Amino acid sequence: MAFQPFELEYHQSLWEQEVDYNLTESGVHPMRLDELIGDDQGKLAELLATEINYPHVNGIPALRENIARLYDGAAVENVLVTVGAAEANNIIMQTLLEPGDEMASQTPTYKQVWGLASNAGNVVRPFHLRSDAGWALDIEDLNTQVNANTKIVAVVNPNNPTGYILTEPEMDAVVAAADRVGAWILADEVYRGAERLRSDETPSFFGRYDKVLALGSMSKAYGLPGLRIGWVVGPPQTIEDLWRRHEYTTITATMLSNTLAAHALSPDVRPRLIDRTRTYIRSGFPVLEQWMQSQNGLFTYTAPQASAVSFVRYHLDINSIELMETLCRDASVFVGAGDSFGMDHHLRIAFGQEHDVLNEAFSRIQKVLESLA
Ligand SMILES: Cc1ncc(COP(=O)(O)O)c(C=O)c1O
């Protein structure tokens, strides 16, 4: 099969620097460096004195300690720091998948591991979150798609693009399905901490089953995508195996990124970042919702429980990529096309921005939709 590009990221490469309003970012408006450091002069002096060397290849100890603290039962040897969750996903697939292995993947989803598996020649079997049931997991579908050849069961929880959070019984069903065939659970949990409706954080899959690799990132819940810091938490031997791939892929993330991420995840600073993210998410969604409700039934949606995006069904007879490109060209507003997540006639609209940005972007979208209707 010919190489398949990562469609979502490909469209982002093409459009995100070209438009006035980019509503494809699933995280919130990024934080500035001075906001992160605050008025901590000691920290600033320490940063300026940082020797820009290679850091520990698997992540500096202070960062791995702070990450381990976010997972019950984890210690530093359970943690590998990577260049974004993107690298983590990549090396996990390189490490786990062998010819003939299959992967079962939740859908709709962020299709990085899906594309990596397909491009390596591995079969991917989708199991669905049900749009007609508020994005609840179709457990029967899950159990049908996981079979003796399944090496990985992949979930994104909280989910991108729907913002749905699996319930405890749904998490149990994922564990039971993987356990039945001895598969790994690849739990991409980069939106953990970015909850809109609940104050407790989404529980991790780590600790629920011995073959779990849980991913996190500074990009979404912490508003620091440009740090390019992600991580994997898993069994120490598998973390070692991933580390060997990491040496080939990027060697390491940067010293400055490690240092800044360790600061951001320290117990004194982290709550402020989570608060900031949730404030954007909680105040941005009503702006999107009010606008959608004023569109005379053009949109149907289930409100996201987490993340800064909503996956919205539009009732127009136009393909989602065509609509996305029309909006980029005619409104200079960029939103995610449903097709990039496995569902046409949907748009993924980000709302983790200032209100004036959202209002202007939505009014531009509206003019284009009126011309199409
Ligand atoms: C579910 C999911 N996983 C991984 C990534 C990659 O994140 P990072 O910026 O940490 O590489 C993204 C980015 O959009 C994502 O949505």
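Only a predicted model underlies this, so the values are computations on that prediction, with no experimental measurement involved.

What counts as what
- Residues numbered from 1 in each chain as written.
- Predicted model: local features only at pLDDT ≥ 70, side-chain atom pairs only at ≥ 80, totals over all residues.
- Heavy atoms only, no water.
- Axes fitted to C-alpha atoms, helices over the stretch in contact; angles between N-to-C directions.
- Helix = DSSP H or I, 4+ residues; strand = E, 2+ residues; numbered from the N terminus.
- Left-handed = near helix turned anticlockwise from the far one by under 90°.
- Contact = heavy atoms within 4.5 Å.
- Nonpolar A, V, L, I, M, F, W, Y, C, P; charged D, E, K, R; others polar.
- Core = buried A, V, L, I, M, F, W, Y, C linked by side-chain atoms within 4.5 Å.
- Buried < 20%, exposed > 50% of the residue type's maximum accessible area, 1.4 Å probe, protein only.
- Domains from an automatic or database assignment.
- Phe/Tyr/Trp six-rings, centres within 6.5 Å; stacked < 30°, edge-to-face > 60°.
- Lys NZ or Arg CZ within 6 Å of the ring centre and 35° of its normal.
- Pairing = 2+ DSSP bridges.
- Buried area = accessible area lost by both parts, 1.4 Å probe.
- Salt bridge = Lys/Arg side-chain N within 4 Å of Asp/Glu carboxyl O.
- Polar contact = N/O pair within 3.5 Å; in protein donor to acceptor, adjacent residues only side chain to side chain.

1. Describing the packing of helix 5 (residues 84–96) against helix 9 (residues 236–249)
Stage number 1. Packing of helix 5 against helix 9 brings their axes to within 9 Å, and their N-to-C directions diverge by 115°. Both helix 5 and helix 9 take part in a crossing whose hand is right-handed. Of the residues in helix 9, those in contact with Glu87, Ile91, Ile92, Gln94 and Thr95 of helix 5 are Asp241, Leu242, Arg245, His246 and Thr249.
Stage number 2. Here the contact of helix 5 with helix 9 is built from residues that sort into three nonpolar, four polar and three charged.

2. Focus on the environment of proline 203
Stage number 1. Looking at the secondary structure, you find proline 203 in the loop between strand 7 (184–188) and strand 8 (212–217).
Stage number 2. In this structure the C-alpha to C-alpha distance between proline 203 and aspartate 172, which are 31 residues apart in sequence, comes to 12 Å.

3. Notes on the nonpolar core
It is characteristic of soluble globular proteins that their nonpolar side chains tend to be buried jointly.
Stage number 1. Ranked by size, the top nonpolar core spans 94 residues in total, and within it Phe205, Met218, Tyr222 and Trp231 carry the most contacts.
Stage number 2. Considering each element in turn, this core owes the most residues, nine residues, to helix 11 (residues 270–293).
Stage number 3. Two domains each donate at least three residues to this core, and these are domain 1 (7–32 + 271–372) and domain 2 (51–268).
Stage number 4. Ranked by size, the runner-up nonpolar core spans 25 residues in total, among them Ile92, Leu96, Met103 and Val124.

4. What to know about the packing of aromatic side chains
Stage number 1. Within the structure shown, the criterion is met by eight aromatic pairs.
Stage number 2. Aromatic side chains phenylalanine 311 and phenylalanine 341 sit 5.8 Å apart centroid to centroid with 75° between the ring planes, which places their arrangement in the edge-to-face category. With a gap of 30 residues between them, phenylalanine 311 in strand 11 (residues 309–314) and phenylalanine 341 in the loop between strand 12 (333–337) and strand 13 (346–350) connect regions that are remote in the sequence. Across the pair, phenylalanine 341 and phenylalanine 311 agree in class, each one buried.
Stage number 3. In this structure, lysine 111 is placed above the aromatic ring of tryptophan 114, and the distance from its NZ or CZ to the ring centre is 4.2 Å.
Stage number 4. Here the guanidinium or amino end of arginine 192 rests over the ring plane of tyrosine 71, the centre of that ring lying 4.9 Å away.

5. Quick look at the side chain of asparagine 89
Stage number 1. Position of asparagine 89 among the secondary structure elements: in helix 5.
Stage number 2. With residues near it in sequence (within four places) discarded, asparagine 89 still touches Gln112, Val113, Leu116, Leu186, Asp188 and Leu215.

6. Details of the sheet that holds strand 3 (residues 102–107)
Strand pairing in a sheet relies on backbone hydrogen bonds. The paired strands run either parallel or antiparallel.
Stage number 1. Taking strand neighbours across the sheet as the criterion, the eight strands line up as 2-9-8-7-6-3-4-5 in an open arrangement whose pairing is mixed. With partners counted over all chains shown, the strands left at the sheet margins are strand 2 (79–82) and strand 5 (136–137), one partner each.
Stage number 2. Across six bridges, the pairing between strand 3 and strand 4 (residues 123–130) is parallel. Pairing of alanine 104 across the sheet is with arginine 125, part of strand 4.
Stage number 3. The strands touched by helix 5 are strand 2, strand 3, strand 6 (150–156), strand 7, strand 8 and strand 9 (230–233); relative to strand 8, the strand with the most contacts, the crossing angle is about 160°.
Stage number 4. The strands that helix 6 (residues 112–119) touches are strand 3, strand 4, strand 6 and strand 7; relative to strand 3, the one it contacts most, it runs at about 150°.

7. Notes on the domain arrangement of the protein
Stage number 1. Splitting the protein by domain gives domain 1 (7–32 + 271–372) and domain 2 (51–268).
Stage number 2. Measuring from the centre of the C-alpha atoms in domain 1 to the corresponding centre in domain 2 gives 25 Å.
Stage number 3. Contact with domain 1, which involves 32 residues of that partner, is made by 36 residues of domain 2.
Stage number 4. Taking both partners together, domain 1 and domain 2 bury about 2,800 Å²; carbon and sulfur atoms supply 54% of that area.
Stage number 5. Contact with domain 2 buries area across many residues of domain 1, yet Arg278, Gln305 and Phe341 alone supply 23% of it, more than any other trio.
Stage number 6. Counting every contact that joins domain 1 to domain 2 gives one salt bridge.
Stage number 7. Viewed at the interface, domain 2 and domain 1 are joined by 18 residue pairs in polar contact (both at pLDDT 80 or more).
Stage number 8. Listed by contribution, the elements that provide at least two residues to the side of domain 1 that touches domain 2 are helix 1 (7–15), helix 11, strand 11 and strand 13.
Stage number 9. Examining the composition of the side of domain 1 that touches domain 2, we find that nine residues originate from one element, helix 11, more than from any other.
Stage number 10. Within the side of domain 1 that touches domain 2, the residues separate by chemical class into 16 nonpolar, ten polar and six charged.

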